[in-house]
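Summary of the model geometry
Okay, here's what each chain looks like letter by letter:
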Amino acid sequence: MGTFTTLNRFVLTAAAVVAFGAMAQAQEVVNIGYTGPLSGGAAQYGKNVLSGIEMGVNEVNAAGGVTVKGKKYTFKVVALDDQYNPAQAASNGRRLVEQDKTPVIFCPHSGGIFALQTFNTQANFLLMAYSSVPRITETGNKLTIRIPPSFASYVPAYVRNEMRLFGKNVGLAPSDTDYAKAWVKVFREGWEKDGGKVVADNPMSYNKSADFYAGVSRVLATKPDVLFVGGPSEPTALVIKQARDLGFKGGFAVMDQAKFDEMAKVLGGYAPMNGSIGVLPLVSDTRPAMQAFVASYARSHGGKEPTSEMALNYTMVHALAAALKMAGSVSDPAEIRAQLPAALKSLPATQNPQDFTGIDSNGGTESDAPLALIENSKLRQVKTSDLMQ
């Protein structure tokens, strides 16, 4: 009996040791940092981005986490509010690295991204930048990934389509934000390169007004064939409406910040936007993998429709998980960065619904992004490359 008891105790002790070891292994965590607007005027945008990151993290963890050199890790999101303020984003970044040991930090606004780029290589963290501003990957920062396609990749298709349909005179009537100014610079260069003429340049405070009659009138007085517009969706829709009310018959080149599906709700449909080109709303994307993602997101979020912010950040979480395995490290941002192009290409379509094809040498994602044309009061999906033929 005593022998049995001793043996029994030994077995129980051994089992406890094994269980404790398994528990310890399961408790290894990689913190994923996030700094973005979670309060204030841009809070919904920041929460959309965070929602996509969290969806990816939840899927990685539900599948058992990431195994790196025989050790299992789960992801944990550490999210801090910066209220769209670059200085606060930088402060959050330092806190995330120093206190939470995050090898990776996501940030969804160009001001915060540029602030983080001033020290991310020295602090040794990989910056996952959610902004389409081209300069983010033109600075030579070796530890930055730009998640969405550069808006510069859209410009040739925008220019060719609108010139072909309407003519070579364009009036610029976008918002007056720094992001819009960056867009205007690239668009103007592309328009003039193809022989077009900028007949008006009149940025407006989209966030401070709902009456754009005076500004739109000044632009239309120069007789443009095309208007370049864009900012938040609702005021962009109002600019388009007032242009139509004033008799404008031409086309619209629409900055990617404005979403056609959201503008259609303000305008009572797509008809006022006939002749427009812009980014494709996620819910209108006909690719099977994207339709599956939209349905999956809706099921797990009470029927809510996802936006591109959610889908693109979701994919990059899965790419990070694959890159950790390939790098054989959870703490070497340079090696993780080096493995991300191959990691992204390795993902199944279900985890890469927007069909990223790779990452260029500067850290920008590559894809043949679908655009949207508004024709006969309906939205039509078209590949960027198709408009360049």
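As a reminder, the structure under discussion sits directly above these lines.
Residues numbered from 1 in each chain as written. Predicted model: local features only at pLDDT ≥ 70, side-chain atom pairs only at ≥ 80, totals over all residues. Heavy atoms only, no water.

Considerations on the layout of surface pockets
In plain terms, the rule: Both cavities and pockets are sets of points on a 1 Å grid over the protein atoms alone; in a cavity a 1.4 Å probe fits but cannot get out, in a pocket the set is open with protein on both sides within 12 Å along at least five of seven lines, and lining residues sit with an atom within 4 Å of a point. Grid points are joined across faces, edges and corners, and a volume is the space filled by probe spheres set on the points. Each helix corresponds to a stretch of at least 4 residues labelled H or I by DSSP, and each strand to a stretch of at least 2 residues labelled E; elements are numbered beginning at the N terminus. Gly is put with the polar residues, along with every residue not named as nonpolar or charged; the nonpolar set is Ala, Val, Leu, Ile, Met, Phe, Trp, Tyr, Cys and Pro, and the charged set is Asp, Glu, Lys and Arg.
If you add up the space inside the second largest pocket, you get close to 430 Å³. Along its surface, the second largest pocket is lined by 25 residues, and Val133, Pro134, Arg135, Glu138 and Phe151 are the ones closest to its centre. Secondary structure elements with two or more residues in the lining of the second largest pocket: helix 4 (110–117), helix 7 (178–193) and strand 13 (365–366). Ranked by the residues each element gives to the lining of the second largest pocket, the list is headed by helix 7, at 6 residues. Across the lining of the second largest pocket, the residue classes tally to 9 nonpolar, 8 polar and 8 charged.

Topic: the packing of helix 12 (residues 308–327) against helix 13 (residues 333–346)
Our working rule: Axes here mean lines fitted to C-alpha atoms, for a helix over just the part in contact, with angles spanning 0 to 180 degrees between N-to-C directions. The hand of a helix crossing depends on one turn: near helix anticlockwise from the far one by less than a right angle means left-handed, and clockwise means right-handed. For this analysis, residues touch if any pair of their heavy atoms sits within 4.5 Å.
Running from amino to carboxyl end, helix 12 crosses helix 13 at an angle of 115 degrees, the nearest separation of the two axes being 7 Å. You can see that helix 12 and helix 13 cross each other, and the crossing is right-handed. From helix 12, Thr315, Met316, Ala319, Leu320, Ala322, Ala323, Leu324, Met326 and Ala327 reach across to helix 13, where they touch Glu335, Ile336, Gln339, Leu340, Ala342, Ala343, Leu344 and Ser346.

A few points about the nonpolar core
What counts is decided by this rule: Side-chain atoms within 4.5 Å link the members of a nonpolar core, which is a set of buried Ala, Val, Leu, Ile, Met, Phe, Trp, Tyr and Cys residues. Partly exposed describes any residue whose relative accessible area lies between the buried limit of under 20% and the exposed limit of over 50%, with all areas from a 1.4 Å probe on protein chains only and scaled to the type maximum.
Ranked by size, the top nonpolar core spans 47 residues in total, and within it Phe75, Phe106, Leu126, Met128 and Met316 carry the most contacts. Aside from chain neighbours lying at most four places away, what touches phenylalanine 106 is Ile32, Gly33, Tyr34, Thr35, Ile53, Met128, Ile147, Asn313, Met316, Val317 and Leu320. Counting 43 residues, the second-largest nonpolar core is a separate cluster that includes Val78, Ala90, Ile113 and Ala253.

Some details on the sheet that holds strand 7 (residues 169–172)
Let me state the cut-off plainly: Here, a strand pair is defined by DSSP locating no fewer than two bridges between the strands.
Judged by pairing direction, the sheet is mixed, and its 7 strands sit side by side in the order 8-7-9-10-11-14-15 without closing on themselves. Here the strands that pair on one side only, and so sit at the sheet edges, are strand 8 (197–201) and strand 15 (378–383). Going from strand to strand, the sheet's axes swing by 25 degrees on average, the running direction of each strand aside. Looking at chain direction, strand 14 (residues 370–375) and strand 15 are connected through 6 bridges and run antiparallel. The residue of strand 15 that forms the bridge with alanine 372 is glutamine 381.

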